[in-house]
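Residues per chain are reported as follows:
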Amino acid sequence: SQKGISVNRMDRVLGRIRKVVSYFHRSTTAAHVLKTRQEMLKLPTHKLIHDVPTRWNSTYDMLERYLEQQAAIYSALTDKTLKKNVKDIINLSDDDVRVAEEVLQVLKPLKTVTSLLSTETSPSVSMILPLKTRILQSMAPSVEDSTITQDVKTAIREDLKPRYTLPPTLQDYLHRSTALDPRFKSLSHIDPDLRQRTYSDLTTELVSSLATEDCDEVKKKNII
């Protein structure tokens, strides 16, 4: 996610948004004008969100909230009581807004995955490979993608693709963990040959484990 939002064009757009958000956060007058314009435009009276470096999803939330409130923000920034204090603030152009909207759609699957994993109460190792596959599929290039969308998708895809690939024993462990999870036991995210090998390895391991348990039981009875 951080790789995606760090591409040059997106980084510049986010920088402009952060300046706007910071202004409304530190000025009570500006916050009041913004709330007035929200009510006038019948928009939710939500506060703007400022992202923090340690939580990538806060950048998604900031972007989503800005787009929700852009009409009220623009209206507030042109208010005569604030004009003299916003000389250094550059509002987003129509092209910037288009870029922000496109990137928000690209990041949406990552936001969904983040929310899913952070609310999970049971071990989530079985979810790693299915979710990784789903993300990579959503980041596949499309002929309809704009240049900025292509750049963001490529940055995310290149960073995520090599993760959880080495060593092979880790891959096998993750595949078996996924097969044991009722939600993903069909292993639809992998090719048929690998799916069959995973089932076979898991069956062999379980049979071997049961055989060992039976031997232990026999030994116990002989001792008794």
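Peer 1: Can you walk me through helix H4 (residues 56–77) in this structure?
Peer 2: It helps to recall that an α-helix has 3.6 residues per turn; residues three or four apart then point in one direction. The end-to-end C-alpha distance of H4, which contains 22 residues, comes to just 27 Å, noticeably less than the 32 Å that a straight helix rising 1.5 Å per residue would cover. Helix geometry: H4 is bent most strongly at Gln 69, by close to 65 degrees. With 17 of 22 residues buried, H4 lies mostly within the body of the structure.

Peer 1: Would you mind going over the packing of aromatic side chains with me for this structure?
Peer 2: The description of an aromatic ring pair uses the distance of the two centres, along with the angle that the planes make with each other. Taken as a whole, this structure holds one aromatic pair when the rule is applied. Each ring, one from Tyr 23 and one from Phe 24, has its centre 5.4 Å from the other, and the planes form 70 degrees; the classification is edge-to-face. Judged by relative accessible area, which is 4%, Phe 24 ranks as buried.

Peer 1: Honestly, the side chain of Asp 96 in this entry has me stumped. Any pointers?
Peer 2: You can see Asp 96 is positioned in helix H5 (residues 94–119). Polar contacts involving the side chain of Asp 96 include one to the side chain of Arg 9, which spans 3.5 Å.

Peer 1: Got a minute to help me understand the pattern of salt bridges in this structure?
Peer 2: Opposite charge on two side chains permits them to pair, given that their charged atoms come into close proximity. The tally for this structure, following the rule as stated, stands at 15 salt bridges. With its nearest N and O atoms 2.8 Å apart, the salt bridge here joins Arg 98 to Glu 102. Note that Arg 98 and Glu 102 are positioned in helix H5 at a spacing of four residues, about one turn of the helix. Note on Arg 98: relative accessible area 33%, which makes it partly exposed. On the basis of relative accessibility, which here comes to 22%, the residue Glu 102 falls in the partly exposed class. The residue Lys 153 makes a salt bridge to Asp 145 at a minimum N-O spacing of 3.1 Å. Note on Lys 153: relative accessible area 9%, which makes it buried. Here the salt bridges do not stand alone but share partners, grouping Arg 9, Arg 16, Asp 95, Asp 96, Arg 98 and Glu 102 into one network.

Rules and cut-offs
- Residues numbered from 1 in each chain as written.
- Predicted model: local features only at pLDDT ≥ 70, side-chain atom pairs only at ≥ 80, totals over all residues.
- Heavy atoms only, no water.
- Helix = DSSP H or I, 4+ residues; strand = E, 2+ residues; numbered from the N terminus.
- Expected span 1.5 Å × (residues − 1).
- Bend = angle between axes of the 7 residues up to and from the residue.
- Buried < 20%, exposed > 50% of the residue type's maximum accessible area, 1.4 Å probe, protein only.
- Phe/Tyr/Trp six-rings, centres within 6.5 Å; stacked < 30°, edge-to-face > 60°.
- Polar contact = N/O pair within 3.5 Å; in protein donor to acceptor, adjacent residues only side chain to side chain.
- Salt bridge = Lys/Arg side-chain N within 4 Å of Asp/Glu carboxyl O.

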